[in-house]
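One letter stands for each residue in the lines below.
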Amino acid sequence: SSHRHSMFTGRFLLDQGRIDEAIPFFERSLNEGGDADKILHLYMGQAYEKNEQPRLALKHYLTSIEEINPGILTEEAAQEGLERIWLQYAPQIEALRRSAENSPRDFEKQNQMALFLHSIGQYDKAIAYYQRALKLKPSSWQAWHNVGLVKKHQRKFTEAVQAIESALALNPANVDSLNTLGIC
């Protein structure tokens, strides 16, 4: 399939140390239908790690592990990459988590944790933190918009539209929400 051609071109460039050139090929591969390809996510994790983009690396390593059947060699490589990133950033991640847990009535801390989890593709956990944030500040159109984005990633389109409509009800001029719905 066409996504594999882009993926292998990206891998060739990555092996040559041409990371900035490799990443667009990996992204093209995702857009060409490779989003469920565990090897692609592994390669993307490696590319983003080498490009010093730890959140994106973490997201793709986690996706790779979720997609991989136990016992396959790539699971080990993805796990090793995940551990490298996790060890490097564990103190910051733990501080963010602890801050949110220790301040259950602080909208900003709940929202920050939700945004972080969202950014690494941990959508179910992100939703839980967005829900906490919205209980504290239901007027946050940004949080409603982000819930809509997460639901869209989860392919829960009815819930995504409902959340985006909530964001628009609070801020009708919000171009991001209009774009998400395809209106603008």
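Every value quoted in this text rests on a predicted model; they were computed, and no experiment measured them.

Trainee: Before we go on, may I ask you to explain the nonpolar core in this structure?
Mentor: The tendency in soluble globular proteins is for nonpolar side chains to be buried side by side. Among the nonpolar cores identified, the biggest contains 38 residues, and Phe26, Leu58 and Phe116 are the most heavily contacted of them. Where this core is concerned, the elements lending two or more residues are α1 (2-15), α2 (19-34), α3 (38-50), α4 (54-67), α5 (73-102), α6 (107-119), α7 (123-136) and α8 (141-153). With seven residues, the top contributor of residues to this core is α3.

Trainee: Mind showing me how you'd approach the packing of α1 against α2 here?
Mentor: Between two packed helices, what matters for the description is the angle formed by their axes and the separation of those axes. For the pair α1 and α2, interaxial distance at closest approach is 8 Å and the crossing angle is 165 degrees. Between α1 and α2, the crossing angle belongs to the class labelled roughly antiparallel. Seen from above, α1 lies across α2 with left-handed handedness. Taking contact as the criterion, the partners of Ser2, His3, Ser6, Met7, Thr9, Gly10, Arg11, Leu13 and Leu14 in α1 are, on α2, Ile19, Glu21, Ala22, Phe25, Phe26, Arg28, Ser29, Glu32, Gly33 and Gly34. Of the residues contributing to the contact of α1 with α2, the split by class is seven nonpolar, eight polar and four charged.

Trainee: Explain α2 here, please?
Mentor: At 3.6 residues per turn, the α-helix brings residues three or four places apart onto the same side. If you check α2, its first and last C-alpha atoms are just 19 Å apart, much less than what 16 residues at 1.5 Å a residue would give, namely 22 Å. Close packing links the buried residues of α2 with α1 and α3.

Trainee: Could you clarify how one ought to interpret α1 in this entry?
Mentor: The first and last C-alpha atoms of α1 sit 20 Å apart over 14 residues, in line with the 20 Å expected at 1.5 Å per residue. Structurally, α1 contributes buried residues whose contacts are with α2 and α3. With its phi angle positive at about 80 degrees, Gly17 sits one or two positions after the end of α1.

Trainee: Can you help me understand the pattern of salt bridges in this one?
Mentor: In a structure, side chains of opposite charge can pair up when their charged atoms sit close to one another. Considering all chains together, one arrives at four salt bridges under this definition. In this structure, Glu101 engages Arg132 in a salt bridge whose closest nitrogen and oxygen atoms are separated by 3.0 Å. Of this pair, Glu101 sits in helix α5 while Arg132 sits in helix α7, and the two are 31 residues apart along the sequence. Among the residues examined, Glu101 registers a relative accessible area of 33% and is labelled partly exposed. Overall, Arg132 belongs to the partly exposed group, its relative accessible area being 35%.

Trainee: What is the right way to read the environment of Ile23 from this model?
Mentor: In this fold, Ile23 is placed in helix α2. Since its relative accessible area comes to 8%, Ile23 is described here as buried. For the pair formed by Ile23 and Tyr43, sequence separation is 20 residues and the distance between their alpha carbons is 9.3 Å. Excluding its chain neighbours within four sequence positions, the residues that come into contact with Ile23 are Ala47, Tyr48, Asn51 and Gln53.

Trainee: Sorry, what's going on with the packing of aromatic side chains here?
Mentor: Enumeration over the complete set of coordinates arrives at one aromatic pair. Between Phe26 and Tyr43 the ring centres are 6.1 Å apart and the planes differ by 40 degrees, which places this aromatic pair in the tilted class. Of this pair, Phe26 sits in helix α2 while Tyr43 sits in helix α3, placing them 17 residues apart in sequence. Of the two residues, Phe26 and Tyr43, neither departs from the other in class, the shared state being buried. Cation over ring: Lys137 sits above Phe107, and NZ or CZ is 4.9 Å from the ring centre.

Trainee: Looking at this structure, I do not really get the side chain of Asn174. What am I missing?
Mentor: For Asn174, the location among the structural elements is in the loop between α9 (157-170) and α10 (175-180). On the accessibility criterion, Asn174 (4% relative accessible area) is buried.

Trainee: Where do I start with the environment of Phe116 in this structure?
Mentor: Inspection of the secondary structure puts Phe116 in helix α6. Along the chain, Phe116 and Arg97 lie 19 residues apart, while their C-alpha atoms are 9.7 Å from each other. The contact partners of Phe116, leaving out residues within four places of it in the chain, are Arg55, Leu58, Ile93 and Leu96.

About the criteria used
Residues numbered from 1 in each chain as written. Predicted model: local features only at pLDDT ≥ 70, side-chain atom pairs only at ≥ 80, totals over all residues. Heavy atoms only, no water. Core = buried A, V, L, I, M, F, W, Y, C linked by side-chain atoms within 4.5 Å. Buried < 20%, exposed > 50% of the residue type's maximum accessible area, 1.4 Å probe, protein only. Helix = DSSP H or I, 4+ residues; strand = E, 2+ residues; numbered from the N terminus. Axes fitted to C-alpha atoms, helices over the stretch in contact; angles between N-to-C directions. Parallel < 35°, antiparallel > 145°, perpendicular 65-115°, else oblique. Left-handed = near helix turned anticlockwise from the far one by under 90°. Contact = heavy atoms within 4.5 Å. Nonpolar A, V, L, I, M, F, W, Y, C, P; charged D, E, K, R; others polar. Expected span 1.5 Å × (residues − 1). Salt bridge = Lys/Arg side-chain N within 4 Å of Asp/Glu carboxyl O. Phe/Tyr/Trp six-rings, centres within 6.5 Å; stacked < 30°, edge-to-face > 60°. Lys NZ or Arg CZ within 6 Å of the ring centre and 35° of its normal.

Nothing here speaks to function; it is all geometry.
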